[in-house]
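# Examination of the molecular architecture
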Amino acid sequence: MRDAMEMWQAEGALPEGVDPAQRARELVIAIYDGETLAGCLTADFHPMRELEEKFAFARSFIRPAWRGARLTDRLMIDGHAELGRWAAANPQEKLAGSAAIYQNANLGAHPVEPSGLTLIGFTGKGLQKRVLWFDHYRLPVADDKQAQEAASDGGADWSLTPVGVGDARDRALREEACRFWREAKAFAPGQDLSDPAAALSVVAHDGEEMIATSSLRMIRVPALRRSFAMLRCFVAPRWRGTGLREALAAENFRLAEAEAANIDNAALPAGVMTICSGKDRSPLPVDAAGFLLAGYAPGHDQVRLRWFGHTKISDTRLGLSA
């Protein structure tokens, strides 16, 4: 604490009006070079409205002489692990993970940092909001049994088939999907199914029986200033809770990322987004397909996203203060 206060004073690091002693009590982890403090991470706990959970909002500071060595990532990785151990030992605090609001314009060129901090939106001033969930944390769900089974494959067996080549097989799969939806009453009676069928991306079969469908549509997400491929899945009731939805999500992501990576077009999606309702809600903040909980839609449906690995966001950012 003493070393941190001396560093902050020497570097003029703290904003006016901040008590160094109070900030020092928020220390999480520090990096030393020999006997010299090169940087540190502090955090204080606040609820994040859009995620309805409490997070440790982290702040890092690296002395100028040690900048450029990726020490910020090191602080965040080790600091998050330390906070996670504390949170697991103090479950009554219900601390869900780490968060950060980037105030340094040199940070945040990629939506997912090496530390795992993931972009979920921007503040009113254009600052990036990022979160990193604890692996042990579980979200509240209405059905305890569902909470235990949501990430399990349940010993299920299925085959996944991409749709979109435009051949006779695709036409047959779209016709089969329409029959599947009608029998399962997936849409309102009499609804024209030509548009949903045209958006089909991947279907699932158990032997010869169709058991699930998925589709992708491009949407613009103003809160993230990018377009995403919106994933919609319909799984036959007896296959819900088996991991099939996660398998569909993972396959859709793989195919969409490969397609987007081969085309240099800023209008292409930056990732895949999906909305999970009812029994599709997962207790895992990051589900088995790698989709991170980024917020809630009306009805408390989970909004989940996964960024493409090649996506860059530096060209979409507002100018930030130092």
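So, here's what we can say about the structure. The shown structure was predicted, so the numbers you read here are calculated from the model rather than taken from an experiment.

Phe55, Val131 and Trp133 are the most contacted members of the largest nonpolar core, which totals 46 residues. Setting aside anything within four residues of it in sequence, one finds Val131 in contact with Met48, Leu51, Phe55, Ser98, Ala99, Gly116, Leu117, Thr118, Ile120 and Leu292. By size, the runner-up hydrophobic cluster in this structure holds 33 residues, among which are Cys178, Trp181, Ala256 and Val272.

As a further point, take the sheet that holds strand β13 (residues 301-307). Taken in spatial order, the seven strands of this open sheet run β7-β8-β9-β10-β11-β13-β12, and their pairing is mixed. Here the strands that pair on one side only, and so sit at the sheet edges, are β7 (159-162) and β12 (292-297). Here the average twist between neighbouring strands, direction ignored, is 25°. Taken together, the five bridges between β12 and β13 define a ladder with antiparallel strand orientation. What sits directly across from Leu292, in β13, is Leu305.

Turning our eyes to something else, we now look at the environment of Gln9. You can see Gln9 is positioned in helix α1 (residues 2-11). Residues Gln9 and Pro20, 11 residues apart in the sequence, show an inter-C-alpha distance of 8.3 Å.

This part takes up helix α5 (residues 168-184). Its 17 residues place the ends of α5 24 Å apart at the C-alpha level, agreeing with the 24 Å of an ideal helix rising 1.5 Å per residue. Among the residues of α5, those classed as buried are Asp170, Leu173, Glu176, Ala177, Cys178, Phe180 and Trp181. Packing partners of the buried residues in α5 comprise β7, α6 (194-198), β8 (200-206), β9 (209-221) and β10 (226-235). Remark: Lys185 follows α5 within two positions and exhibits a positive phi of approximately 55°.

Glancing now at the pattern of salt bridges. Any two side chains of opposite charge can pair, given that their charged atoms come close. By the definition in use, this model includes 14 salt bridges. Note that Arg74 and Asp78 form a salt bridge whose closest N and O atoms lie 2.9 Å from each other. Highlighted residues: Arg74 and Asp78, both in helix α3 (residues 71-89), separated by four residues, approximately one helical turn. For Arg74, a relative accessible area of 40% translates into the label partly exposed. When the shortest N-O distance is used, the salt bridge between Arg281 and Asp301 registers 3.4 Å. Of this pair, Arg281 sits in the loop between β11 (271-276) and β12 while Asp301 is found in strand β13, placing the two residues 20 residues apart along the sequence. For Arg281, a relative accessible area of 23% puts it in the partly exposed group. Classification of Asp301 as buried rests on a relative accessible area of 16%.

Let us look at the sheet that holds strand β3 (residues 53-62). Pairing is mixed in the open sheet, where six strands are placed in the order β1-β2-β3-β4-β6-β5. Edge positions in the open sheet fall to β1 (27-33) and β5 (118-122), since each of these has one partner strand only. Neighbour to neighbour, the strand axes of the sheet diverge by 30° on average, direction disregarded. Here strand β2 (residues 36-48) runs beside β3; their pairing, made up of 10 bridges, is antiparallel. Paired with Ala43 across the two strands is Ala58, which belongs to β3. On top of the sheet, α1 reaches β1, β2 and β3; it is set at about 95° to β2, its chief contact. Seen against the sheet, α3 touches β1, β2, β3, β4 (95-101) and β6 (128-133) and runs at an angle of roughly 140° to β1.

Definitions and cut-offs
- Residues numbered from 1 in each chain as written.
- Predicted model: local features only at pLDDT ≥ 70, side-chain atom pairs only at ≥ 80, totals over all residues.
- Heavy atoms only, no water.
- Core = buried A, V, L, I, M, F, W, Y, C linked by side-chain atoms within 4.5 Å.
- Buried < 20%, exposed > 50% of the residue type's maximum accessible area, 1.4 Å probe, protein only.
- Contact = heavy atoms within 4.5 Å.
- Pairing = 2+ DSSP bridges.
- Helix = DSSP H or I, 4+ residues; strand = E, 2+ residues; numbered from the N terminus.
- Axes fitted to C-alpha atoms, helices over the stretch in contact; angles between N-to-C directions.
- Expected span 1.5 Å × (residues − 1).
- Salt bridge = Lys/Arg side-chain N within 4 Å of Asp/Glu carboxyl O.

These figures come from the coordinates and say nothing about function on their own.
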